[in-house]
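# Structural features, examined
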Amino acid sequence: MFDTHTHCLHSHDSKEDPRDMILAAIDKGLDYIAFTDHYDGELTLLDEFSYIPQIDLDRHFKEISQLKDKFKDKIQVGVGIECGYMEEADDIYLNTLAKYDIDVTINSVHMVEYEDCYLPSFFQKRTKAEAYGAYLKAIRQSVDSPYEFDSIGHIGYVVRKSIYDDKSLRYDEFSDIIDDILQSIIAKGKALEVNSRGGDLDFLPTIEILKRYKELGGELLTFGSDAHLKSRIGEKYKLIADVLKGLGYKYLFKYLSHKPIAVKL
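Before going into details, it helps to say that this report is about the structure given with it. (Residues numbered from 1 in each chain as written. Predicted model: local features only at pLDDT ≥ 70, side-chain atom pairs only at ≥ 80, totals over all residues. Heavy atoms only, no water.)

### A word on the overall build of the protein
For the record, the criterion: In this description a helix means any DSSP run of H or I spanning at least four residues, a strand means any run of E spanning at least two, and both kinds are numbered starting from the N terminus. It is over C-alpha atoms that the radius of gyration is taken, and the globule rule equals 2.2 Å times the number of residues to the power 0.38. Only heavy atoms matter for contacts: two residues are in contact if any of them lie within 4.5 Å across the pair. The protein chains shown are the only cover counted for residues, whose accessible areas, like all others here, come from Shrake-Rupley with a 1.4 Å probe. In this tally, Lys and Arg are treated as positive and Asp and Glu as negative; His is ignored, and so are the chain termini. The atom standing in for a charge is NZ when the residue is Lys, CZ when it is Arg, CG when it is Asp and CD when it is Glu.
Check the secondary structure of the protein and you find eight helices and eleven strands. Relative to a compact globule of 265 residues, whose C-alpha radius of gyration would be 18 Å, the protein shows 17 Å and is just as compact. Considering only intrachain contacts with a sequence separation of at least 6, the fraction spanning at least 24 residues in the protein is 73%. A total of about 11700 Å² of accessible surface is found on the protein, and carbon and sulfur atoms cover 48% of it. Of the charged side chains in the protein, 34 are positive and 47 negative, and the gap between their average positions amounts to 6 Å.

### Some points on the pairing of strand S8 (residues 191-195)
Remember that side chains alternate between the two faces of the sheet whenever the strand is regular. Our working rule: Three exposure classes are used, based on accessible area relative to the maximum for each residue type with a 1.4 Å probe and protein chains only: buried under 20%, partly exposed in between, and exposed over 50%. One bridge is not enough; two strands pair if DSSP finds at least two bridges between them. A crossover counts as right-handed when, viewed with the strands pointing away from the observer, the path leading from the first strand over the helix to the second turns clockwise.
The buried count for S8 comes to five of five residues, which makes it a mostly enclosed element. Neither face of S8 is exposed, since Ala191, Glu193 and Asn195 on one face and Leu192 and Val194 on the opposite face are all buried. In terms of strand pairing, strand S7 (residues 151-152) meets S8 through two bridges, oriented parallel. Residue pairing across strands places Ile152 opposite Leu192, the latter belonging to S8. Each parallel crossover has a hand, and the one from S7 via helix H6 (residues 175-187) to S8 is right-handed. Where S8 and strand S9 (residues 221-224) come together, four bridges link them in parallel fashion. The partner of Glu193 across the bridge, within S9, is Thr222.

### Considerations on the sheet that holds strand S4 (residues 104-108)
The strands making up a sheet are joined through hydrogen bonds of the backbone, oriented either antiparallel or parallel. Here is the rule: Helix axes use the C-alpha atoms of the stretch in contact, all axes being lines fitted to C-alpha atoms, and the angles between their N-to-C directions lie in the range 0 to 180 degrees.
The parallel open sheet is built from seven strands, whose spatial order is S1-S2-S3-S4-S7-S8-S9. Only two strands of the sheet have a single neighbouring strand rather than two, namely strand S1 (2-6) and S9. Docked against the sheet, helix H1 (residues 18-27) engages S1, strand S2 (32-39) and strand S3 (76-84), running at close to 145° with respect to S2. The sheet contacts of helix H2 (residues 57-70) involve S2 and S3, and relative to S3 the element is tilted by about 160°.

### Remarks on the environment of Lys72
Following the sequence through the fold, Lys72 ends up in the loop between H2 and S3. Separated by 20 residues in the primary sequence, Lys72 and Ile92 place their C-alpha atoms 32 Å from one another.

### So, the nonpolar core
Inclusion rule: Note on terminology: a nonpolar core comprises buried Ala, Val, Leu, Ile, Met, Phe, Trp, Tyr and Cys residues joined through side-chain atoms within 4.5 Å.
Tyr132, Tyr135, Val158, Leu169 and Leu221 are the most contacted members of the largest nonpolar core, which totals 81 residues. For this core, the element with the most residues is helix H5 (residues 128-143), which contributes eight residues. Residues in contact with Tyr135, not counting those within four places in the same chain, are Val109, Val112, Cys117, His154, Ile155, Gly156, Tyr157, Val158 and Leu169.

### A short note on the environment of Tyr85
Mapped onto the elements of the fold, Tyr85 is located in the loop between S3 and helix H3 (90-97). Between the alpha carbons of Tyr85 and Met111 there is a distance of 7.3 Å; along the sequence they are 26 residues apart. Setting aside residues no more than four positions away along its own chain, Tyr85 makes contact with Glu42, Asp90, Asn107, Ser108, Val109, Met111, Ala138, Gln141, Ser142, Ser145 and Tyr147.

### Description of unusual backbone geometry
For the peptide bond that leads from Leu204 to Pro205, omega is -5°, which places it in the cis range. The backbone of Tyr114 shows a phi angle near 65°, a positive value even though the residue is not glycine. Even without a glycine there, the phi angle at Ser257 is positive, about 50°. Within the secondary structure, Ser257 is located in the loop between strand S10 (251-256) and strand S11 (259-264). Relative accessible area serves as the criterion here: at 49%, Ser257 is assigned to the partly exposed category.

### Structural notes on the packing of H1 against H2
The axes of two packed helices give the description: the angle between them and the distance between them. For clarity, the cut-off: Crossing chirality is assigned from the near helix's rotation relative to the far helix, an anticlockwise turn below a right angle marking it left-handed and a clockwise turn marking it right-handed.
One can describe the packing of H1 onto H2 by two numbers: an axis separation of 11 Å at closest approach and a directional angle of 35°. Every pair of crossing elements has a handedness; the one defined by H1 and H2 is right-handed. Residue-level contacts link Pro18, Arg19 and Ile22 of H1 to Ile64, Leu67 and Lys70 of H2.

### Some details on H3
For clarity, the threshold we go by: Note: the arc covers the axis-to-C-beta directions of the helix.
Listing the buried residues of H3 in full gives Asp90, Tyr93, Thr96 and Leu97. One side of H3 holds all its buried residues, which, seen down the axis, span an arc of 150°. Counted as exposed and oriented over 90 degrees from the buried face of H3: Asp91 and Asn95. Looking at the buried side of H3, the elements it contacts are S2, H2 and S3.

This is the structure:
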């Protein structure tokens, strides 16, 4: 069991000590945990989000690397980062990520058309088709990011705080762009993340999308709890592993030095 997507106090939205998270992961029987704390380079370009503190990258990579070495006989620790995608932030990531030894980088969309799609205001001015369509368009653009990354994070994130009566992001309503996203992920050798912080759902993306990814030839899948609390590390791993086996998948993948390592389901 492993977890490729967690956040400690190096992220602005978590207060957990990374050492405590590692000990919790060991107690839960994990053999790998990656710290993929938020690097919100896109927010530095938007004045209205200047109140959100940015990660201290030097501290993050130094401290997690030290913990990686300290606990190497008990658990593998991945030194990672989660980049918030926005096209205008490409150069920020290009100019900084190459300076560090990174095991895993997640590319995630949180901002859509310069707005946070976690806020009610994003949905209030858009129909569901407009909001979800704009979100998927941003994901498609993110797959072409020029900086090095390993997986596309939590496809379906937009549903978490959606205000519509029917919050579901249905494959058949957006099949063309979803197929384009999945085919592009496959063509570029990236991984699709299965994220157990699904809001009203058990996980993201939906079974429909995971089934379609398999049909298109997709194999690279990562598991991430998106835990900001140590109690959530590895959450729903067994549930997701059973679902993936039922869909015909044989492996999940963890990352070291940007290289996928297959773990049999």
